[in-house]
Amino acid sequence: MLAKSLNHLISKFKGLMPCQLCGLDPQQAHSLCHDCWHDLPWFNQYIQRRHCRILAACCYRFPIDRIIHQYKYEQQLHYQTVLKHCLLHLALPQVDAVVAMPISRQRLVQRGYNQMQIIAQSIAAQHQLALWQPVIRTAQHSQKGLSRLERLQAIDKQFQIKASEYRRYQRVLVLDDVVTTGSSFAAMQQALQRLGCTQIELACIAVASPKIR
Ligand SMILES: [Zn+2]
């Protein structure tokens with residue numbers, strides 16, 4: 001009862017807050033006003049990258065590119081609401097657990113948070129799913145100067161599975177923010193296959209150059 005009236009109060013309060021983009025009209029549950037939400041560069045389709053099928057909510061264009069950048073690198077954590085809602089807006093497949101794209105310990109120390117872990121946690125809670133972290137990412141070195149093959153081998157080595165997590169969940173949804181080449185998703189998919197997952201779904205907030213294969 002108390003939770004219900006609290007939720008009612010929070011949504012009433014949100015309705016009084018201005019949109020996080022234009023600052024003019026009142027914000028909706030996704031934290032933007034009706035028009036700003038409607039005008040996001042929606043994509044809502046599957047793309048193919050490195051033999052992976054990835055569901056993408058938006059194109060990596062203004063203003064979602066700026067929102068993701070500020071959320072990820074400038075501690076603008078209030079943008080988690082709109083980014084989470086971009087993913088919730090997709091017809092997400094039925095799974096048992098949600099997995100955030102892991103970042104290395106070094107990146108975690110620099111940034112202070114894994115931006116996708118925060119969003120994945122919230123989505124898992126909303127859908128009453130488990131949040132699962134079965135893969136560790138080792139140092140993410142710059143890949144400049146490496147050949148294509150060297151780059152792929154280097155990224156594969158970055159994803160190390162926790163053997164203790166073997167077959168804990170069969171159907172999983174992996175979430176990432178931006179997809180360019182898809183090599184992180186491909187490496188993650190391989191690691192999860194080795195862990196015994198039978199259905200691995202991939203989704204991202206935004207895809208860069210969706211036409212390029
Ligand atoms: Zn607005």
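Here the structure is shown first, and the text comes after it.
Just so you know, these numbers come straight off a predicted model, no measurement behind them.

Conventions we followed
Once a new chain begins, its residue numbering starts again from 1 and follows that chain's sequence as written. Where local features are concerned, this predicted model is filtered to residues with pLDDT of at least 70; where side-chain atom pairs are given and counted, the filter is 80 or more; whole-chain, interface and lining totals use all residues. For side-chain calculations, the full set of non-hydrogen atoms in the structure is used, while hydrogens and water are omitted. In this text, buried Ala, Val, Leu, Ile, Met, Phe, Trp, Tyr and Cys residues form a nonpolar core when linked through side-chain atoms within 4.5 Å. Type-normalised accessible area, obtained with a 1.4 Å probe on protein chains alone, sets the label of each residue: buried when under 20%, exposed when over 50%, and partly exposed for intermediate values. Only DSSP runs of H or I reaching four residues or more are called helices, and only runs of E reaching two or more are called strands; each is numbered from the N terminus. An automatic or database domain assignment provides the domain bounds reported here. Contacts: residue pairs with any heavy atoms within 4.5 Å of one another. Listed donors are limited to N, O and S atoms within 2.8 Å of the metal, widened to 3.2 Å for Na, K and Ca; water is not among them, so incomplete-looking sites are possible. Here the metal geometry follows the donor angles, with tetrahedral for four donors whose angles all fall between 85 and 135 degrees, square planar for four and octahedral for six when opposite donors are more than 155 degrees apart and every other angle is between 65 and 115, and irregular for all the rest. Whether two aromatic rings pair depends on their centres lying within 6.5 Å, for rings of Phe, Tyr and Trp, where Trp uses its six-membered ring; planes under 30 degrees apart make the pair stacked, over 60 edge-to-face, and the rest tilted. Counted as over-ring charges are cases with an Arg CZ or a Lys NZ within 6 Å of the ring centre that also lie within 35 degrees of the ring normal. Within this scheme a cavity is a closed region of a 1 Å grid, computed over the protein atoms alone, that accommodates a 1.4 Å probe without allowing it to escape, whereas a pocket is open but has protein on both sides within 12 Å along at least five of seven lines; lining residues each have an atom within 4 Å of a point. Grid points are joined across faces, edges and corners, and a volume is the space filled by probe spheres set on the points. In this analysis an axis means a line fitted to C-alpha atoms, helices contributing only their contacting stretch, and an angle means the value between N-to-C directions, from 0 to 180 degrees. Note that the term roughly parallel is reserved for angles under 35 degrees, roughly antiparallel for angles over 145, roughly perpendicular for angles of 65 to 115, and oblique for everything else. Working rule for handedness: look at the near helix, and if it is turned counterclockwise from the far one by less than a right angle, call the crossing left-handed; if clockwise, right-handed. Asp, Glu, Lys and Arg are counted as charged, while Ala, Val, Leu, Ile, Met, Phe, Trp, Tyr, Cys and Pro are counted as nonpolar; the rest, among them Gly, fall into the polar class.

(A) View of the nonpolar core. Membership of the largest hydrophobic core comes to 32 residues, with the highest contact counts inside it found for Ile64, Leu83, Leu87, Leu175 and Ile205. Looking at this core, the elements with two or more residues in it are α2 (34–38), β2 (52–59), α3 (64–73), α4 (80–88), β3 (97–100), α6 (115–126), β7 (171–179) and β8 (199–207). It is α6 that contributes the most residues to this core, five residues altogether. Counting contributing residues, this core receives three or more from each of domain 1 (1–39) and domain 2 (41–207). Residues within four places of Leu83 in sequence aside, it is in contact with Ile64, Ile67, Ile68, Tyr71, Ile119 and Ile205. Trp132, Val135, Ile200 and Cys204 belong to the second largest nonpolar core, which has 30 residues in total.

(B) Molecular detail of the coordination of the zinc ion. Coordination of the zinc ion by the protein involves Cys19 (SG), Cys22 (SG), Cys33 (SG) and Cys36 (SG), with metal-donor separations of 2.3 to 2.4 Å. Viewed at the metal, the four donor atoms of the zinc ion are separated by angles of 104 to 114 degrees, and the geometry they form is tetrahedral. Each donor residue of the zinc ion lies on the same chain, and together they follow the pattern C-x2-C-x10-C-x2-C. Here Cys33 lies in the loop between α1 (2–14) and α2 and Cys22 lies in the loop between α1 and α2, a separation of 11 residues in the sequence.

(C) Summary view of the packing of aromatic side chains. According to the stated counting rule, one finds three aromatic pairs in the structure shown. Seen in terms of ring centroids, Tyr71 and Tyr113 are 6.4 Å apart; in terms of plane orientation they differ by 50 degrees. Their pairing is tilted. Taken together, the positions of Tyr71 in helix α3 and Tyr113 in the loop between α5 (105–111) and α6 put the pair 42 residues apart, joining distant regions of the chain. Owing to a relative accessible area of 2%, Tyr71 belongs among the buried residues under this scheme. Between Trp132 and Tyr169, the aromatic rings sit 5.1 Å apart at their centres with planes inclined by 75 degrees, giving edge-to-face as the arrangement. With Trp132 in the loop between β4 (130–131) and β5 (135–137) and Tyr169 in the loop between β6 (159–161) and β7, this pair connects stretches of sequence that are 37 residues apart. A residue is classified by how much of its surface remains accessible, and Trp132, at 2% relative accessible area, is buried. It is Arg53 that lies over the ring of Tyr46; its NZ or CZ is 3.7 Å from the centre.

(D) Looking closely at empty space enclosed by the protein. Applying the stated criterion to the full structure yields one cavity of 30 Å³ or more. Together, Leu21, Pro63, Arg66, Ile67, Gln70 and Tyr79 line the largest cavity.

(E) Representation of the packing of helix α7 (residues 148–158) against helix α8 (residues 183–194) within the structure. The interhelical angle for the contact between α7 and α8, taken along N-to-C directions, is 50 degrees, at an axis separation of 9 Å. Compared by their axis directions, α7 and α8 come out oblique. The interaxial crossing formed by α7 with α8 has right-handed handedness. Where α7 abuts α8, its residues Leu152, Ile155 and Asp156 lie against Ser183, Ser184, Ala187 and Gln190. For the contact of α7 with α8, a count of residues per class yields three nonpolar, three polar and one charged.

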